[in-house]
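One-letter residues, chain by chain:
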Amino acid sequence: MHWGKGNFTRSVAFRWMISYAVILFIPVILSVIVYSQTRGIVEYEIERANSAMLQQVRYIVDGELHQTESLAAQLSIHSDVQKLLNDSQEESAYLIYKTKQELNKLLSTNDFIKGIYVYSNVHHAVLSSETYVEDRMFYALKHETDDFTYEDWIKLMKAQQPGRYVLLPVETQGKSIITPSYIRSFPMQAGDGPAGTLLFPLNVEKIQTMLENIDWVEQGRVFIMDANDQILFQNAGEAAPVPTSYHDWSNRGSGTFTGHFQGTESMITIESSDTTGWKYVSVFPTDVFWERAKDIQTMNVFGLLVCFAIGGAVIYYFSRKNYDPVKQLVSVFSRNALPAAGADLDEYSFIRRSVLETIRERDDMSNKHDQQLRVLQNYYLGRLLKGQADRNVPLSELSKAHRLAWTSDRFAVLLFYVESDEDEAKLLAMSQFIVSNILKDVVGDRLSIHFADVDGTLAAVVNVDPEREEQWKDDMEDALAQASEFITGRYKLRFTTAGSDLQTGLDGVHQAFLQALEAQEYRMVLGEGMMIWYGDVKPSESSYFFTVNDQMVLINFLKADEFDKAKQMIDNVVQQAFQRQSSLEIAKCVLLDVATTLIKTIPDQEQAGIAWDEWRPLKRLLSCATKTEFHQELLDILNRVFGVLRSKLAVQTSAGIGDKVTAFVQENYSDKNLSVSMIGDFFRLSPQYISRLFREQTGQGLHDYISQTRVDAAKTLLHEGASIDDTASRVGFASGHAFIRVFKKYEGITPGKYKSIQ
C-alpha cells in the first residue's frame, strides 16, 4: 500500500503533524490570552491610579473652596465690615485701617485665595488688604483690559451675587491673568439692593502647581470646570488650546473612558464634586502607558516565531520517527491479498481492516469447527443413549474423540417434555436451545451435563462426581426449580423433567435412557411441571382389575338409571388406574374397556341417530395425555349415554328448543360444568335427545356449538390482551391445555399465535 503525494493528507503522518501543531498552539493561545489579560489588568490599574490621583486633587480643591466660602460667610456678618458698608457718613480712617488689618490677618491664614476685595456700594470704593481706593481706580489697578471694561466690572459688582465663581482678569506681577474668583454680595440692612460685594481671586499658581505635581501631567491635560462647564483651571496655562469636546465628556458623568483629544487616542477620567458641582477632568494619551508594553509585545511576537520554528522542526522529527512502525505494518499487511472494501481513510484504517479480516476468518473457522463439533457430539450422544454406539472402539476413546470429558463413571439421563402457549414450530426451534443453555448455566458449576436431541426430545447426560453422589438429585431439583421459574416468566415455556437412577459406566447410559423414558410415561399420572424420578415411579407387577363382573355392574347401573353410582364407579376405576405403582399400559386398556362398555349400553335404534364422525369418543380418549383429561372424557361419554337412555319425552315438548338452548349456552358458556348433560337436565330432556333436536333445528351439533361459543368469547378476550390461562378460565375450560387443543381445532392455530398476529 503506497501513499503518494496525492494521498498524503489522508496519511496518519499528516494527522500527527496537525495534532502536534494543535498541541503547540495551545501554549501560544494561552500566552496570547495571558498577555491580553495582563494588558487589561494594567489598564485597570492605570485607571484606578488616575482616578485616585484625580480624586485627591478634588478632595484638596473642594476643601479649599469650602474654606473660601466659609470665609466669605464670616466676612458677610463681620461687624466692622458691616459698619464700613452701611455707614453713609464720611469714611472713618480708623475703621478702614482696622478692617484692612482684619483682612490681612484672614488672607495670611488662607493661601488658597490671592486677595480679599470688599466693594462698598455706598462709598463707591474698594477695600483690600493692601489699600482703600475708589472703584474706578481699583478697576484700573486690578482688572482693566480691552475685553473687560469698567462698565462690565461695575455691573458685576452692583449685581445681586448669591455666591458663585467667575473668571476675571486680575493684575499679577505686571500682567493680567484670567483668574477664577469667588464673588458674593453683602446683604443691605435697609432698602433694596446689596450693600456691597465681596470678591476672592483664587491662587491660580497654587492650583497649577498641584496639577503639575501629578506624575503623567507633563504629557497630558488636566481641567477643572465649574457647574456651567466653563474651564476654571488647566495645567497648560492660557496658551494651551481649550478642548472642544469637553461638553460631550461632561454628559458622561464620573468615570474613565477612551476617546480622542486633539486627534490623539486618550484616556479621559472625570470626577464630579458633590459639594461645588465642579468637574475634574484628566486627559492623557494612551501611548504614555503602553511604551514599555510595546517592548513586551515585541518580545512575545519574537518568542512565538522562535517557538513556531523550533516546534515545526520537532513536529517533523517525531512524526517521521513515529510513522516508521506504522509504515512497516502497512508493508506487512500489503503482502496479503485482501478483498477490496473501498478506499481506506489512512494507514490505521488499512491495518484495522486487515486485522479484522484475519480475525473474521479465524472466527469463521472456529465457529464452523464448533458447529461441526456440536453436531458430532449430538450424534454421538444420541447413539450412546439409544445403545447404538460403535462397539469396535472403546466408548471412552469415542468420548475423547468428541471432546467429551467425563469426571467419573457415574451417569444419569434426564428427558425434558416442553410445552408453550406459542406456535409449535417456534417451540420446536427454540425451546430446546433455551432450556439447554439456561440449565447448563445453572447446573454447570455443580454437575457436568451435556445435551442432545433424540428424535425431537431434549435429553441430557449427567456425569455425577462421586463426592456429590448422595446429593446430586437435590442439586438437580434446585437447579431445575430456578431454571423453570426464569424460563416460565421470561419465555412462557413449561417443561416436565423425567430422570433415571445412577448407572455405572458409559454402557449404563442406554439403561438410564430407558429408565427416563419409562419415568416420562408417568407424566400423565403426575401432571405437568414436575420432576419425575424413575426410582419414585418404578412400576410393580399388577393385574387387569376391570373384570367382566365389573362390566355387568356398570351396565346394570346404566339401565337402572342410577347415574351417581355409575359416576362413582368410573371415578374409582380412574383413581385405581393412575396409581403410582400401576402399569400405564394396563391403565389405558382398562379405560378403553370402560368406554366401550358405556357405548354398548346405547340401544340399537338410538345408535343410528348418533353423529359418530363428530363425536369420535374413542379417538378423543386415546388423544388424552393426563389423568384429568382421561377422567373428563369418560364422564363426557357417561353423560351422553345417560342422555340417550333418558330420552323418552314427546317431540311436542321440544318446540323452539333450539333458540332456548342457544340462549342458555350464551348465558352459561363460562361455567366449567356446562355440558350436553347439564343442558338436558335443565330442559328435562335426555342429552342425546336434546342434542338431536338442536342439530335438527340449527343444523349444528350442540357440543360443537358450546365449544365454538367459548372459542369466539376467547378470541375477544385475547384481542383485549388477556393471558391464555385467564382466558381459558373465563370461558369455561377446565385447563389451559384443553383450551389450547379446542382452540386449535376450531381456528387452526394456537391461542398464542392468534394473540401475536392481532
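In this text the structure is predicted, and so the values were computed from the model without any measurement.

**Notes on the overall build of the chain**
Stage number 1. When its secondary structure is counted, the chain shows 29 helices and 17 strands.
Stage number 2. Put simply, the chain has 758 residues, and 44% of those count as buried.
Stage number 3. A fraction of 64% describes how many contacts in the chain between residues 6 or more apart in sequence connect residues 24 or more apart.
Stage number 4. Roughly 40400 Å² of accessible area belongs to the chain as shown, and the carbon and sulfur atoms make up 52% of that amount.

**What about the pairing of strand 15 (residues 493-499)?**
Stage number 1. Buried residues dominate strand 15, accounting for six of its seven residues.
Stage number 2. Two strands pair when backbone bridges link them, and strand 12 (residues 410-420) and strand 15 are joined in this way by seven bridges, in the antiparallel orientation. Residue pairing for strand 15: Leu414 is matched across the bridge by Gly499.

**Concerning helix 9 (residues 347-386)**
Stage number 1. For helix 9, spanning 40 residues, the distance from its first C-alpha to its last is 58 Å, which sits close to the expected 58 Å at 1.5 Å a residue.
Stage number 2. At the exit of helix 9 stands Gly387, carrying a positive phi of roughly 75°.

**A short note on the pattern of salt bridges**
Stage number 1. If you walk through the whole model with that rule in mind, you get 10 salt bridges.
Stage number 2. With its nearest N and O atoms 3.3 Å apart, the salt bridge here joins Arg362 to Asp363.
Stage number 3. Of the residues examined, Arg362 reaches a relative accessible area of 54% and is grouped as exposed.
Stage number 4. For Asp363, a relative accessible area of 32% corresponds to the partly exposed category.
Stage number 5. The salt bridge partner of Glu747 is Lys715, with a shortest N-O separation of 3.6 Å. Taken together, the positions of Glu747 in helix 28 (residues 736-747) and Lys715 in helix 26 (residues 702-719) put the pair 32 residues apart, joining distant regions of the chain.
Stage number 6. For Lys715, a relative accessible area of 22% puts it in the partly exposed group.

**What about the packing of aromatic side chains?**
Stage number 1. Throughout the structure, instances matching the rule amount to 18 aromatic pairs.
Stage number 2. An angle of 85° between the planes, with centres 5.1 Å apart, marks the rings of Trp406 and Phe411 as edge-to-face. An identical accessibility class is assigned to Trp406 and Phe411; each is buried.
Stage number 3. Between Trp472 and Trp533, the ring centres sit 5.3 Å apart and the planes meet at 80°, which makes this aromatic pair edge-to-face.

**Some thoughts on a nonpolar patch on the surface**
Stage number 1. Residues Ile18, Val22, Phe25, Ile26, Ile29, Leu30, Ile33, Val301, Leu305 and Phe308 make up a contiguous nonpolar surface patch of roughly 890 Å² in combined accessible area.
Stage number 2. Elements that contribute at least two residues to the nonpolar patch include exactly helix 1 (12-76) and helix 8 (287-334).
Stage number 3. The biggest single contributor to the nonpolar patch is helix 1, with seven residues.

**Concerning the packing of helix 23 (residues 657-668) against helix 24 (residues 676-683)**
Stage number 1. At a minimum axis separation of 11 Å, helix 23 and helix 24 run at an interaxial angle of 120°. With respect to helix 24, the element helix 23 is oriented oblique. The two elements helix 23 and helix 24 cross, and the hand of that crossing is right-handed. Across the interface between the two elements, Ile657, Lys660, Val661, Phe664 and Val665 from helix 23 touch Met678, Ile679, Phe682 and Phe683 from helix 24.
Stage number 2. Split by residue class, the contact of helix 23 with helix 24 holds eight nonpolar, no polar and one charged.

**Structural notes on the confidence of the model for the chain**
Stage number 1. Confidence along the chain averages 77 in pLDDT terms, with 83% of residues attaining 70 or more.
Stage number 2. Across the chain, element-level confidence peaks in helix 26 with a mean pLDDT of 89 and bottoms out in helix 14 (residues 523-526) with 55.
Stage number 3. Low pLDDT, under 50, characterises residues 1-6; the predicted model gives this stretch 12 contacts beyond four residues in sequence or across chains.
Stage number 4. When the criterion is pLDDT under 50, residues 648-653 qualifies, and its contacts beyond four places in sequence or with other chains add up to six contacts.

**Considerations on the sheet that holds strand 4 (residues 164-172)**
Stage number 1. Within the open sheet, the six strands sit side by side as 3-2-1-6-5-4. Their pairing is antiparallel. Each end of this open sheet is capped by a strand with a single partner; those strands are strand 3 (132-134) and strand 4. Across this sheet, the average inter-strand angle for adjacent strands is 30°, counted without regard to direction.
Stage number 2. Where strand 1 (residues 117-120) meets strand 6 (residues 196-201), four bridges bridge the pair, whose relative direction is antiparallel. Its bridge partner lying in strand 6, Tyr119 is registered against Thr197.
Stage number 3. Most of the contacts of helix 2 (residues 79-86) go to strand 1, to which it runs at about 35°, and overall it touches strand 1, strand 2 (125-128), strand 5 (175-186) and strand 6.
Stage number 4. Against the sheet, helix 5 (residues 150-158) engages strand 1, strand 2, strand 4, strand 5 and strand 6, with an angle of about 85° to strand 1.

**Considering the side chain of Gln161**
Stage number 1. Mapped onto the secondary structure, Gln161 falls in the loop between helix 5 and strand 4.
Stage number 2. A relative accessible area of 4% means that Gln161 is categorised as buried.
Stage number 3. Of the polar contacts made by the side chain of Gln161, one reaches the side chain of Arg164; its length is 2.8 Å.
Stage number 4. Contact partners of Gln161, with chain neighbours within four places excluded, come to Leu156, Ile183, Arg184 and Ser185.

**Digging into the sheet that holds strand 11 (residues 279-285)**
Stage number 1. Strand order in the open sheet made by the five strands is 8-7-11-10-9, with antiparallel pairing throughout. Two strands lie at the open edges of the sheet, namely strand 8 (231-234) and strand 9 (255-261), each paired on one side alone. Each adjacent strand pair in this sheet contributes to an overall mean axis angle of 25°, direction not counted.
Stage number 2. Of the strands in this sheet, strand 7 (221-225) and strand 8 touch helix 6 (residues 204-212), which is tilted by about 60° from strand 8.

**Thoughts on unusual backbone geometry**
Stage number 1. Residues other than glycine seldom take positive phi values, yet His124 does so here, at roughly 55°.
Stage number 2. Tracing the chain through its elements places His124 in the loop between strand 1 and strand 2.

**Here's the deal with the environment of Ala595**
Stage number 1. In this structure, Ala595 sits in helix 18 (residues 584-600).
Stage number 2. On the basis of relative accessible area, Ala595 is assigned to the buried category, the value being 0%.
Stage number 3. C-alpha of Ala595 to C-alpha of Leu618: the two residues are 23 residues apart in sequence and 7.4 Å apart in space.
Stage number 4. If sequence neighbours within four positions are ignored, Ala595 has contacts with Leu618, Leu621, Leu634 and Ile637.

**So, helix 5**
Stage number 1. Three or more residues of helix 5 are buried, namely Tyr150, Trp153, Ile154, Leu156 and Met157. On an axial view of helix 5, the arc spanned by its buried residues comes to 160°, and they lie on one face. Of the exposed residues in helix 5, those oriented more than 90 degrees away from the buried face are Glu151 and Lys155.

**Section: a negative patch on the surface**
Stage number 1. A grouping of Asp474, Glu477, Asp478 and Asp536 is seen on the molecular surface, where their side chains present a negatively charged patch.
Stage number 2. Top element by residues in the negative patch is helix 12 (residues 472-491). It accounts for three residues.
Stage number 3. With respect to the helices and strands, Asp478 occurs in helix 12.
Stage number 4. According to the relative accessible area criterion, Asp478 is partly exposed, its value standing at 41%.

Rules of the game
Residues numbered from 1 in each chain as written. Predicted model: local features only at pLDDT ≥ 70, side-chain atom pairs only at ≥ 80, totals over all residues. Heavy atoms only, no water. Helix = DSSP H or I, 4+ residues; strand = E, 2+ residues; numbered from the N terminus. Buried < 20%, exposed > 50% of the residue type's maximum accessible area, 1.4 Å probe, protein only. Contact = heavy atoms within 4.5 Å. Areas by Shrake-Rupley, 256 points an atom, 1.4 Å probe, with all protein chains shown as cover. Pairing = 2+ DSSP bridges. Expected span 1.5 Å × (residues − 1). Salt bridge = Lys/Arg side-chain N within 4 Å of Asp/Glu carboxyl O. Phe/Tyr/Trp six-rings, centres within 6.5 Å; stacked < 30°, edge-to-face > 60°. Patch = residues over 30% accessible without salt bridge, like charges linked within 9 Å, V, L, I, M, F, W, Y side chains within 5 Å. Axes fitted to C-alpha atoms, helices over the stretch in contact; angles between N-to-C directions. Parallel < 35°, antiparallel > 145°, perpendicular 65-115°, else oblique. Left-handed = near helix turned anticlockwise from the far one by under 90°. Nonpolar A, V, L, I, M, F, W, Y, C, P; charged D, E, K, R; others polar. pLDDT = per-residue confidence, 0-100. Polar contact = N/O pair within 3.5 Å; in protein donor to acceptor, adjacent residues only side chain to side chain. Arc of directions from axis to C-beta. Lys, Arg positive; Asp, Glu negative; His and termini not counted. Charge placed at Lys NZ, Arg CZ, Asp CG, Glu CD.

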